[in-house]
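# Chains, contacts and geometry: an overview
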2 protein chains.
Amino acid sequence: MAKSPIEFWFDFSSGYAYFAAMAVDDLAARHGREVSWRPYMLGVAFKKTGVRGLSSTPMKSDYARLDWARLARRTGLPFQPPANHPIVQLPASRAYYWVEETAPEKTHDFGRALFHAYFAEARDLADPAVVAAVGAEVGLPAAGIEAGLASEPMKAKLKAASDEAISKNVFGSPFFLCDGEPFWGFDRMDMLEEWLETGGW
Amino acid sequence: MAKSPIEFWFDFSSGYAYFAAMAVDDLAARHGREVSWRPYMLGVAFKKTGVRGLSSTPMKSDYARLDWARLARRTGLPFQPPANHPIVQLPASRAYYWVEETAPEKTHDFGRALFHAYFAEARDLADPAVVAAVGAEVGLPAAGIEAGLASEPMKAKLKAASDEAISKNVFGSPFFLCDGEPFWGFDRMDMLEEWLETGGW
């Protein structure tokens, strides 16, 4: 029987999720696993936890900026989000679920392209036309994306995903569930990999 | 010229600091470094960041409990804090600074013994007599500790340490400063070690 996919929960505005997105499929593949990418609205979790986003938390925001720049140097990934970071990523997240329904083999490429557009090219993903253009760059139909991300079924799907996150006690980004075992944070990917290697502790 | 010590900032009620405390001196020694242990009142930082403690944050508290138990299995360290965890660790923290003044060669042994008493034996460190008894177990004078932790100079010293933490943008526990470079969290000790090995990125 095939092993369950690793659930990769994230918000497209999360700097740590960007670094995770560029590494998670390779990590899973090393252990014969697939990944189920699950964009959701981190703000919904913040309402439950009473936590504010990193970028609006004193001291932590400065640390996060330093840390992201440091991770960029360490990983060799570019890191240059828009000046108005963080934004609410409704268009990108709804577009992701539309692609999942219409061209599932393209979802991860599209997800990585969205992260790259935002965090490496500072493109304005609040604009549905930009989200559609990013899709076109990985071979998806721009007009379809723009219609899909504005549709009621995709609004409902993103809402349901956010509700599902809460129901599974997912409260951060990135957040991984591996056979039900939770791992919170980019800096826990090593531990997730050790879990996969060893079968856990 | 000797290399600067690594500053290890922590609160004696922090589960992640417990795991860090048991590993940080060995990590530093592998790279020819000393460690300067700096207990402080994490609640002072919380007032600046607006953050609540893990144990009083919905969803995160459940995750932390699961994660601490998992880390205990992974590291082989016992983990059994008191039922009323977390407590405000004024007696232990002030006692630590008294030992630093009077028997500096004993501070780390005392610090580890305090962490062990609280997190492995569920002893009530809110009680100055218990803090003093822990000191006696590592060869320190119980009466001296009990007088020291109640003294005005040690109250002032802990307050100054907490103010210094804020001034250095230390907002978590454990939190490491290595030649000014900040590393927040037990799960960043690998990155700290890589920084020491490579000279950073």
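The preceding data block contains the structure.
Residues numbered from 1 in each chain as written. Chains lettered and ligands numbered in written order. Predicted model: local features only at pLDDT ≥ 70, side-chain atom pairs only at ≥ 80, totals over all residues. Heavy atoms only, no water.

## Remarks on the pattern of salt bridges
Residues and elements named next belong to chain A. Just so we agree on the cut-off: Should a side-chain nitrogen of Lys or Arg be within 4 Å of a carboxyl oxygen of Asp or Glu, the pair is scored as a salt bridge. In this text, helices come from DSSP runs of H or I with a minimum length of four residues, and strands from runs of E with a minimum of two, each type numbered from the N-terminal end. Partly exposed residues are those whose accessible area sits between 20% and 50% of the maximum for their type, while under 20% is buried and over 50% is exposed, using a 1.4 Å probe and protein chains only.
The tally for this structure, following the rule as stated, stands at 36 salt bridges over all chains. Between K168 and E7 there is a salt bridge; the shortest N-O distance is 3.1 Å. A residue pair is termed long-range when its members are at least 10 positions apart, and K168 in the loop between α9 (152-167) and β3 (175-178) and E7 in strand β1 (residues 6-10) qualify at 161 residues. The partner of R112 in a salt bridge is D109, with the nearest N and O atoms 3.1 Å apart. Here R112 and its partner D109 are both found in helix α6 (residues 107-119), three residues apart, which amounts to about one turn of the helix. Classification of R112 by relative accessible area gives partly exposed; the value is 24%. Exposure remark for D109: the relative accessible area of 40% places this residue in the partly exposed category.

## Some thoughts on the relation of the copies chain A and chain B
Copies of the same chain, two in number, are related to each other by a rotation about an axis and a translation along it. Just so we agree on the cut-off: Residues reaching a pLDDT of at least 70 in both copies supply the C-alpha atoms on which the copies are superposed by least squares. Only heavy atoms enter the contact rule, under which two residues are in contact if any of them lie within 4.5 Å.
Between the two copies, chain A and chain B, the superposition gives an RMSD of 0.0 Å; the rotation angle is 180 degrees and the shift along the axis is 0.0 Å. Both copies are brought into coincidence by an operation consistent with a two-fold rotation axis. Of every C-alpha in chain A, the one belonging to D187 of chain A sits nearest the axis of rotation, 3.1 Å from it. A share of 100% of interface residues in chain A that are also interface residues in chain B marks the association as one of identical surfaces.

## Focus on the pairing of strand β4 (residues 181-184) of chain B
A regular strand carries its side chains on alternate faces of the sheet. Residues and elements named next belong to chain B. As a reminder, the rule being used: Pairing between strands requires that DSSP locate at least two bridges from one strand to the other.
Pairing analysis gives four bridges linking strand β3 (residues 175-178) to β4, with the strands arranged antiparallel. Considered in β4, the bridge of L177 is made with P182. Hairpin connection, β3 to β4: the antiparallel pair is bridged by two residues, and D179 has positive phi, about 50 degrees.

## Side note on the packing of helix α5 (residues 90-102) of chain A against helix α8 (residues 142-149) of chain A
All names here are of chain A. Heads up, the condition is: A fitted line through C-alpha atoms represents every axis, and for helices the fit uses only the stretch in contact; the resulting angles, taken between N-to-C directions, go from 0 to 180 degrees. Comment on the angle field: the value is read as roughly parallel under 35 degrees, roughly antiparallel over 145, roughly perpendicular from 65 to 115, and oblique elsewhere. The crossing is said to be left-handed when, going from far helix to near helix, the turn is anticlockwise and less than a right angle, and right-handed when the turn is clockwise. Each residue is assigned to one class: nonpolar for Ala, Val, Leu, Ile, Met, Phe, Trp, Tyr, Cys and Pro, charged for Asp, Glu, Lys and Arg, and polar for all the others, Gly among them.
The N-to-C vectors of α5 and α8 enclose an angle of 115 degrees; their axes lie 8 Å apart at closest approach. The angle between the axes of α5 and α8 places the two elements in the roughly perpendicular class. Helix-helix and strand crossings are classified by hand; for α5 and α8 the assignment is right-handed. On α8, the residues touching P91, R94, A95, W98 and V99 of α5 are G144, I145, G148 and L149. In terms of residue class, the contact of α5 with α8 is made up of six nonpolar, two polar and one charged.

## What about the packing of helix α5 (residues 90-102) of chain B against helix α9 (residues 152-167) of chain B?
Residue and element names in this part refer to chain B. Axis separation between α5 and α9 bottoms out at 9 Å; the angle between their running directions is 100 degrees. As the angle between them shows, α5 and α9 are arranged roughly perpendicular. Mapping the contact onto sequence places L90, S93, R94, Y97, W98, E100 and E101 in α5 and M154, K155, K157, L158 and A161 in α9. Classifying every residue of the contact of α5 with α9 by side-chain character gives six nonpolar, one polar and five charged.

## Focus on the sheet that holds strand β4 (residues 181-184) of chain A
In a beta sheet, neighbouring strands are held together by backbone hydrogen bonds and run either parallel or antiparallel to one another. All names here are of chain A. In spatial order, the strands read β2-β1-β3-β4; together these four strands make up an open sheet with mixed pairing. Across the chains shown, the open sheet's two edge strands, defined by having one partner strand only, are β2 (35-39) and β4. Recorded for the sheet is a direction-independent mean angle of 20 degrees between the axes of neighbouring strands. Examined bridge by bridge, β1 and β3 share three bridges and lie antiparallel to one another. Bridged to E7 within β3 is L177.

## Re the layout of surface pockets
Rules: The definitions used throughout rest on a 1 Å grid laid over the protein atoms alone, on which a cavity is an enclosed set of points accommodating a 1.4 Å probe that cannot get out and a pocket is an open set flanked by protein within 12 Å on both sides along at least five of seven lines; lining residues are those having an atom within 4 Å of a point. Grid points are joined across faces, edges and corners, and a volume is the space filled by probe spheres set on the points.
Here the second largest pocket defines a volume of roughly 660 Å³. Counting residues per element, the ones that place at least two in the lining of the second largest pocket are α2 (24-29), α4 (60-75) and α10 (189-198) of chain A together with α2 (24-29), α4 (60-75) and α10 (189-198) of chain B. Here the lining of the second largest pocket takes five residues from α10 of chain A, the largest share from any one element. When the residues that make up the lining of the second largest pocket are grouped by side-chain class, the tally is 15 nonpolar, two polar and 15 charged.

## Here's the deal with the interface of chain A and chain B
Much of the literature gives interface size as the accessible area that the parts lose upon coming together. Basically, it comes down to this: By definition, the buried area sums, over both parts, the 1.4 Å-probe accessible area that each loses when the two are put together. Within 3.5 Å is the distance limit for a polar contact, defined as a pair of N or O atoms, with the added protein rule that one can donate a hydrogen and the other accept it, and that residues adjacent in sequence qualify only through two side-chain atoms.
Between chain A and chain B, the contact holds 34 residues from the first and 34 residues from the second. The contact between chain A and chain B buries some 3,200 Å² in all, and 59% of this surface belongs to carbon and sulfur atoms. When the buried surface of chain A facing chain B is broken down by residue, M59, Y63 and R74 of chain A rank first, second and third, together holding 22% of it. There are eight salt bridges connecting chain A and chain B. Put simply, D67 of chain B and R188 of chain A hold a salt bridge, and the shortest N to O gap is 2.7 Å. Counting across the chain A and chain B interface gives 16 residue pairs in polar contact (both at pLDDT 80 or more). Of all the elements, α4 of chain A adds the most residues to the side of chain A that touches chain B, at eight residues.

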